[in-house]
Amino acid sequence: MSLDGLRVNGARLRESLEEMARIGGTRGGGVTRLTLSDEDKRARDLFISWLKELNLEVSIDEMGNIFGRRPGRNNDLAPVMSGSHVDSQPQGGRFDGILGVMGALEALRTMADNGVETLRPVMIVDWTNEEGSRFPPAMVGSGVWAGALDLDWAYAKTDVNGKTFGGELERIGYKGPIKAAQWPVHAYYEYHIEQGPILEMVKKDIGAPKGILCLHWYDIRLTGTANQVGPTPMEGRNDALCAAAEMILAVNRLPEKMGGNMVATVGEIHNHPNSRNIIPDGVHFTVDIRSWDDELALKAWDVLAGEFDSIAAARGCPMEKEVTWRVEHSPFDQRLVQRVLDKGAALGYSTHHMVSGAGHDASYMNQVCPTAMIFVPSIGGRSHVEVEETTWEDCENGANVLLHCLLESAGEE
Ligand code: GLV
Ligand code: MN
Ligand code: MN
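Note that this is a predicted model, so its numbers are computed, not measured.

Chemist: Can you walk me through the overall build of the protein chain in this structure?
Modeler: Assigned secondary structure in the protein chain consists of twelve helices and 14 strands. Whereas a compact globule of 413 residues would reach a radius of gyration of roughly 22 Å, the protein chain reaches 23 Å, a difference of no more than 12%. Projected onto its principal axes, the C-alpha coordinates of the protein chain cover approximately 85 × 45 × 40 Å. Counting across all 413 residues of the protein chain, residues that qualify as buried make up 57%. Sequence-distant contacts in the protein chain: of pairs separated by 6 or more residues, those separated by 24 or more amount to 79%. Roughly 17,000 Å² of accessible area belongs to the protein chain as shown, and the carbon and sulfur atoms make up 48% of that amount. Of the charged side chains in the protein chain, 39 are positive and 59 negative; the average position of the first set lies 2 Å away from that of the second.

As structure tokens, this is what we get:
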């Protein structure tokens, strides 16, 4: 039987996405489904019920990663895998992550509808804590599974309320029995919204990233001297928030200063005691630096750290700098990237070769097996916000590309 004419059911994909979007749905049309929250648990429960309807073999590992396996004709061969994440940013969008999980599910449902038998097993996965906004860093589920991150280190991570990752994983009942350790994988495809403006700009249906930028995260903690704002003269203050303000601008100017392809952002800040009439005595903020060029990103940190030292000294604010997390840039498997482009074209879609500025579990999967991603356009290039939007047609298109990439890889000897 030729599988070329096989297409996913776009209406069913949309229904599943809409049902998921109700879990943690926000007034602004987005979702808040933070890692290991009650909403994350509800999304996981629903996901597993759908896996069981498809008679997949479901397993959960000690990181809470959820796998569903559809046997092939030869189950001694390494499986083909696809998936993404069901967790979200605070007031995030209803497509980030979940599209890749529901898209893979739709591909498997389509195979089941049509009685398709593949040579290799096909597996779907929901990776725990891709976002890293509740428990930094990001991509921890896939990172531990890939052997790049340590399990106990991940368990010990705390949220702003002091709750631990390990404790919350147990609380929602998702500390699974199997080891979070990699097994041989023939190919991994991750389907995702682009989260940027490029596909819309070039008017293309499908993006095939050549890889993902490096992601470097830092945490900065400044100590000042708290005092009554009225009687305390401006001279001689140790204002931790003013030091942070200068540092934040230094981060913003860093890419231009380094003169390379790079982005740098401060997205999170905590000010203590955060009262309008007390000089701030404690500030914690984060730094995110990304580039295709790992060396440039490392050099940029050296330059920035030097600037931070001067600012902290001039402001009289002792500082702690923490290297929180670094993942190298991930050049994907060229053969699989080309396959995404070819399958997209064969399905009648326009395609575009690009890079991913957003981090994905595909970064760690790329360290384990041949990996590629499939992107569809984000309207207005907006993501990690409630107004994040992708047309249903684009959602369906990307799922068709995923289906055919999976079928091709799962048919390989
Ligand atoms: C992951 O969502 C990222 O920060 O790119
Ligand atoms: Mn994502
Ligand atoms: Mn995200």
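So, next bit.
Chemist: Before we go on, may I ask you to explain the coordination of the manganese ion (ligand 3) in this structure?
Modeler: Around a metal, the perfect tetrahedron of four donors has angles of 109.5 degrees, and the perfect octahedron of six donors has angles of 90 or 180 degrees. Within the protein, the atoms that donate to the manganese ion (ligand 3) are Asp-96 (OD), Glu-131 (OE), Glu-131 (OE) and His-384 (NE2), at distances of 2.1 to 2.4 Å. Each donor residue of the manganese ion (ligand 3) belongs to the same chain, and together they define the spacing D-x34-E-x252-H.

Chemist: I would appreciate a short explanation of the nonpolar core in the present structure.
Modeler: Proteins that are soluble and globular tend to have nonpolar side chains buried together. If you look at the biggest cluster of nonpolar residues, it comprises 94 residues, and the most contacted ones within it are Met-20, Met-63, Met-81, Met-102, Tyr-189, Trp-325 and Val-340. Excluding its chain neighbours within four sequence positions, the residues that come into contact with Met-81 are Phe-67, Met-123, Val-125, Trp-127, Trp-145, Trp-183, Val-185, Ala-187, Tyr-188, Tyr-189, Met-365 and Leu-406. Among the nonpolar cores identified, the runner-up in size contains 28 residues, and Tyr-218, Leu-222, Leu-254 and Phe-308 belong to it.

Chemist: Explain helix H12 (residues 392–410) to me, please; I cannot follow it from the model alone.
Modeler: Every α-helix winds through 3.6 residues per turn, so residues three or four apart in the chain are directed the same way. Between its first and last C-alpha, H12 extends 27 Å over 19 residues, near the 27 Å set by a 1.5 Å rise per residue. For H12, the tally of buried residues reaches 15 of 19 residues, placing the bulk of the element in the interior.

Chemist: Please explain the pattern of salt bridges as it appears in this structure.
Modeler: Pairing of side chains with opposite charge becomes possible as their charged atoms draw close. Per the counting criterion, the structure on display carries 21 salt bridges. Between Glu-389 and Arg-94 there is a salt bridge; the shortest N-O distance is 2.9 Å. A residue pair is termed long-range when its members are at least 10 positions apart, and Glu-389 in the loop between strand S14 (371–376) and H12 and Arg-94 in the loop between strand S3 (80–84) and helix H3 (98–113) qualify at 295 residues. Looking at Glu-389, the relative accessible area reads 28%, which means it is partly exposed. Across the pair Glu-170 and Lys-175 runs a salt bridge whose closest N-O atoms are separated by 2.8 Å.

Chemist: So what exactly am I meant to see when it comes to the coordination of the manganese ion (ligand 2) here?
Modeler: Distances from the manganese ion (ligand 2) to its protein donors, namely His-85 (NE2), Asp-96 (OD) and His-192 (NE2), fall within the range 2.0 to 2.3 Å. Donor residues for the manganese ion (ligand 2) sit on one chain with the sequence pattern H-x10-D-x95-H. For the pair the manganese ion (ligand 2) and the manganese ion (ligand 3), the metal-to-metal distance amounts to 3.5 Å, and Asp-96 bridges them. Pair noted here: Asp-96 is in the loop between S3 and H3 and His-192 is in strand S5 (residues 187–193), with a separation of 96 residues, a long-range link. Judged by relative accessible area, Asp-96 falls into the buried class, the value being 5%.

Chemist: Sorry if this is basic, but what is going on with a nonpolar patch on the surface here?
Modeler: A cluster of nonpolar side chains, contributed by Ile-198, Met-201 and Val-202, occupies part of the molecular surface with about 250 Å² of accessible area. With respect to the secondary-structure elements, Val-202 resides in helix H7 (residues 198–202).

Chemist: Where do I start with the site of ligand 1 in this structure?
Modeler: Looking at ligand 1, the residues that line it are Glu-130, Glu-131, Arg-290, Ala-358, Gly-359 and His-384. At 3.0 Å from an oxygen atom of ligand 1 is found a side-chain nitrogen or oxygen belonging to Glu-131. Between ligand 1 and His-384, the relevant distance is 3.2 Å, taken from an oxygen atom to a side-chain nitrogen or oxygen of the residue. Grouping the amino acids of the shell around ligand 1 by side-chain chemistry returns one nonpolar, two polar and three charged.

Chemist: What am I meant to see in the packing of aromatic side chains here?
Modeler: How two aromatic rings sit relative to each other is set out by the distance from centre to centre and by the angle between their planes. In this structure the tally under the stated criterion is twelve aromatic pairs. With a centroid separation of 3.6 Å and 5° between ring planes, the pair formed by Tyr-218 and Trp-301 is classed as stacked. Here Trp-301 lies in helix H9 (residues 294–315) and Tyr-218 lies in strand S7 (residues 214–223), a separation of 83 residues in the sequence. On the accessibility criterion, Trp-301 (7% relative accessible area) is buried. In this structure an aromatic cluster arises from ring pairing among Phe-67, Trp-127, Trp-145 and Trp-183. Against the face of Trp-50 rests Arg-109, its NZ or CZ located 5.1 Å from the ring centre. Here the guanidinium or amino end of Lys-210 rests over the ring plane of Trp-292, the centre of that ring lying 4.6 Å away.

Chemist: How do you make sense of the pairing of strand S13 (residues 351–356) when you look at a structure like this?
Modeler: Of the two faces of S13, only one is covered, namely that formed by His-352, Met-354 and Ser-356; the face formed by Thr-351, His-353 and Val-355 stays uncovered. Direction of pairing for strand S6 (residues 206–212) relative to S13: parallel, over a ladder of five bridges. Paired with Ile-212 across the bridge in S13 is Ser-356.

Chemist: Looking at this structure, I do not really get unusual backbone geometry. What am I missing?
Modeler: Residues apart from glycine generally show negative phi values, whereas peptide bonds are mostly found in trans. Across the junction of Pro-136 and Pro-137, the peptide omega takes the value 0°, indicating a cis bond. Along the chain, Pro-137 falls in the loop between strand S4 (122–126) and helix H4 (140–145). For the bond running from His-272 to Pro-273, omega is 0°, close enough to zero to count as cis. In the Ramachandran plot, Asn-274 falls in the positive-phi region, its phi being about 60° despite a non-glycine side chain. Mapped onto the secondary structure, Asn-274 falls in the loop between strand S9 (269–272) and strand S10 (282–291). What makes Asn-274 exposed here is its relative accessible area of 59%. Even without glycine at this site, His-384 takes up a positive phi of about 60°. Inspection of the secondary structure assignment puts His-384 in the loop between S14 and H12.

Reading the values: rules and limits
Residues numbered from 1 in each chain as written. Chains lettered and ligands numbered in written order. Predicted model: local features only at pLDDT ≥ 70, side-chain atom pairs only at ≥ 80, totals over all residues. Heavy atoms only, no water. Helix = DSSP H or I, 4+ residues; strand = E, 2+ residues; numbered from the N terminus. Rg over C-alpha atoms; globule rule 2.2 N^0.38 Å. Buried < 20%, exposed > 50% of the residue type's maximum accessible area, 1.4 Å probe, protein only. Contact = heavy atoms within 4.5 Å. Areas by Shrake-Rupley, 256 points an atom, 1.4 Å probe, with all protein chains shown as cover. Lys, Arg positive; Asp, Glu negative; His and termini not counted. Charge placed at Lys NZ, Arg CZ, Asp CG, Glu CD. Donors = N, O, S within 2.8 Å, 3.2 Å for Na, K, Ca; no water. Core = buried A, V, L, I, M, F, W, Y, C linked by side-chain atoms within 4.5 Å. Expected span 1.5 Å × (residues − 1). Salt bridge = Lys/Arg side-chain N within 4 Å of Asp/Glu carboxyl O. Patch = residues over 30% accessible without salt bridge, like charges linked within 9 Å, V, L, I, M, F, W, Y side chains within 5 Å. Near = heavy atom within 4 Å. Polar contact = N/O pair within 3.5 Å; in protein donor to acceptor, adjacent residues only side chain to side chain. Nonpolar A, V, L, I, M, F, W, Y, C, P; charged D, E, K, R; others polar. Phe/Tyr/Trp six-rings, centres within 6.5 Å; stacked < 30°, edge-to-face > 60°. Lys NZ or Arg CZ within 6 Å of the ring centre and 35° of its normal. Pairing = 2+ DSSP bridges.

Any functional reading would require information beyond the geometric quantities listed.
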